[in-house]
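# Reading the structure
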Amino acid sequence: MADITYQIVPHDNGWAYKLGDTLSEPYATAEQAMDRARNAAARQKIGKGDALLAYPAPDGSGWKFQQIETDKSNSRL
């Protein structure tokens, strides 16, 4: 089973989601980037696993993590 972690990071005067070394386009808020990351993760096909969304804790204490269900069907985009 593959593990996928999306990170929400500052990018280009806004926020982006990051998977590995790849950044999304910038969004105005971290919340918008999280919504787009959830959407992208929901469409991932990683077998029986799920994706993990990592984002900066609002209190600045490090990272928060949220598990996201992924598409386990055989459909293709």
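All figures in this text were calculated on a predicted structure; none of them were measured in a lab.

Further remarks concern the side chain of Ser 24. With respect to the helices and strands, Ser 24 occurs in the loop between β3 (22-23) and α1 (30-42). Ignoring any residue separated from it by four or fewer positions in sequence, one finds Ser 24 in contact with His 11, Ala 16 and Tyr 17.

A word on the confidence of the model for the protein. Taken as a whole, the protein shows an average pLDDT of 78; of its residues, 74% reach a score of 70 or greater. Mean pLDDT values over the elements of the protein span from 76, in strand β4 (residues 51-56), up to 92, in strand β2 (residues 14-19).

To continue, consider the nonpolar core. Core analysis: the biggest nonpolar cluster contains 14 residues, and Tyr 6, Ile 8, Tyr 17, Met 34, Ala 37, Leu 53 and Tyr 55 have the highest contact counts within it. In terms of residue count, α1 provides more of this core than any other element does, six residues in total. If near-sequence neighbours (up to four positions away) are discounted, Tyr 17 is found in contact with Tyr 6, Gln 7, Ile 8, Thr 22, Leu 23, Ser 24, Tyr 27, Ala 33, Arg 36, Ala 37 and Ala 40.

Reading the values: rules and limits
Residues numbered from 1 in each chain as written. Predicted model: local features only at pLDDT ≥ 70, side-chain atom pairs only at ≥ 80, totals over all residues. Heavy atoms only, no water. Helix = DSSP H or I, 4+ residues; strand = E, 2+ residues; numbered from the N terminus. Contact = heavy atoms within 4.5 Å. pLDDT = per-residue confidence, 0-100. Core = buried A, V, L, I, M, F, W, Y, C linked by side-chain atoms within 4.5 Å. Buried < 20%, exposed > 50% of the residue type's maximum accessible area, 1.4 Å probe, protein only.

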